[in-house]
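# Structural description and commentary
Residues per chain are reported as follows:
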Amino acid sequence: MSILTLTLNPALDLTVTLDQLTAGSVNLAKAGYLGAAGKGINVARVLSDLGHTPTVSGFLGLDNDAAFRALFNQYGIDDAFVRLAGDTRVNVKVSEASGRVTDINLPGLQVSDTEWNRLLARLESLAGSFETLVVAGSLPPGVRPQQLEGMIEMWRGRGKQVLLDASGGALRAGIKGLPSLIKPNIDELADLVGRPISEGMDLVTCAREIQKQGIDHVVVSAGEDGVHWFGPNGYWRARVPQVKVISTVGAGDSLVAGLCAGFVEGLSEEKALRRACALSVMAVTQVGVGIRNQKELNGYEQAIVVEQVEA
Ligand SMILES: Nc1ncnc2c1ncn2[C@@H]1O[C@H](COP(=O)(O)OP(=O)(O)OP(=O)(O)O)[C@@H](O)[C@H]1O
Ligand SMILES: O=P(O)(O)OC[C@@]1(O)O[C@H](CO)[C@@H](O)[C@@H]1O
């Protein structure tokens, strides 16, 4: 059974590398890369590198979809995107030598209720061929958080696994649909519980608070501090090695892809988390996502320390 990733608001990422960004002045970049991206598309790309054949859906602008089509062809990804008139947004990622990244994300194409219904019909026609749905990223203008909630609720009602990686209103509404897994970072978790979070016990309390609302897996990503996974069988903590950071963009998506593949392949939490973390570590050492070198990925896997903190 296949995996479907849903990117309601994809983007062409324009990644610009420079030594140091000075706001308010002319900055000379060292290089620029423009690539088809967006959270669910990044997830699908990593899944494809792991040997899966995902389908991708959501909304894409008809006028600049060539880079997306090329990427889907290259990775053997099935394209089930609904096309909208106009251009998919361009998001700018400024990556400094220190590893700091500044994101400038545009709002995205306006989606009407008619177009939303077209998407629902498209997904309906695919429903029999996927068991797992990854919903990732922001909502474009015109899509209401309650629509996302309703969609997740419907897929859960049909017995599908739903993994949700979103933030703000989309995450708050999305969790009401009771996805199987959410992957907030620490700021997103703090936003969900409505208070700031310090490491340690507070993080555990907050994650458990969300889990009690009916979410089986709450996976909290903590940047260079690794990952905390609260699941029905316990709490796992992964620590990641220090690496030279090129761009952190897509690190969270790579983690989600690894977790999703782990579920579908029936891996233990320990194995799934180790590989998912290795994928995310590899992501920060490059522009974009994916398995650049299998040997290097194996090296990261070995360097990751996973412990079960609670049973
Ligand atoms: N500096 C780093 N060094 C090593 N690993 C990192 C670093 N930053 C992130 N990672 C890995 O990537 C995972 C996801 O990163 P993070 O917690 O920043 O997610 P995120 O906020 O969703 O990221 P993004 O939205 O940029 O994709 C981390 O849990 C960790 O495994
Ligand atoms: O606006 P969203 O959907 O929250 O985030 C979009 C985005 O920042 O997420 C990906 C990295 O995770 C990028 O490829 C893309 O530009």
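Description of the structure in this document. If you're wondering where the values come from, they're calculated on a predicted model, not measured in any experiment.

### Section: the nonpolar core
Ranked by size, the top nonpolar core spans 44 residues in total, and within it Phe59, Leu119, Ile182 and Ile210 carry the most contacts. With 5 residues, helix α7 (residues 201–211) is the single largest residue contributor to this core. Counting 34 residues, the second largest nonpolar core, distinct from the first, contains Ile3, Val134, Ala276 and Ile304.

### So, the sheet that holds strand β13 (residues 234–239)
Reading across from one edge, β5-β4-β1-β8-β9-β10-β11-β12-β13-β14 is the order of the 10 strands in this open sheet, with mixed pairing throughout. Two strands close off the open sheet at either side, each with one partner strand: β5 (78–84) and β14 (305–310). Alignment of strand β11 (residues 217–221) against strand β12 (residues 227–231), held across 4 bridges, turns out to be antiparallel. By the bridge assignment, valine 220 is partnered in β12 with histidine 228. On the sheet, helix α2 (residues 66–75) packs against β4 (55–61) and β5 and is oriented at approximately 170 degrees with respect to β5.

### Quick word on the pairing of β12
Extensive coverage of β12 is indicated by the burial of 5 of its 5 residues. Along β12, one buried face is formed by Val227, Trp229 and Gly231 and the opposite face, lined by His228 and Phe230, is buried too. Pairing geometry for β12 and β13, over 5 bridges, is antiparallel. Pairing of tryptophan 229 across the sheet is with tryptophan 236, part of β13. A loop of 2 residues connects β12 with β13, the two strands running antiparallel in sequence.

About the criteria used
Residues numbered from 1 in each chain as written. Chains lettered and ligands numbered in written order. Predicted model: local features only at pLDDT ≥ 70, side-chain atom pairs only at ≥ 80, totals over all residues. Heavy atoms only, no water. Core = buried A, V, L, I, M, F, W, Y, C linked by side-chain atoms within 4.5 Å. Buried < 20%, exposed > 50% of the residue type's maximum accessible area, 1.4 Å probe, protein only. Helix = DSSP H or I, 4+ residues; strand = E, 2+ residues; numbered from the N terminus. Pairing = 2+ DSSP bridges. Contact = heavy atoms within 4.5 Å. Axes fitted to C-alpha atoms, helices over the stretch in contact; angles between N-to-C directions.

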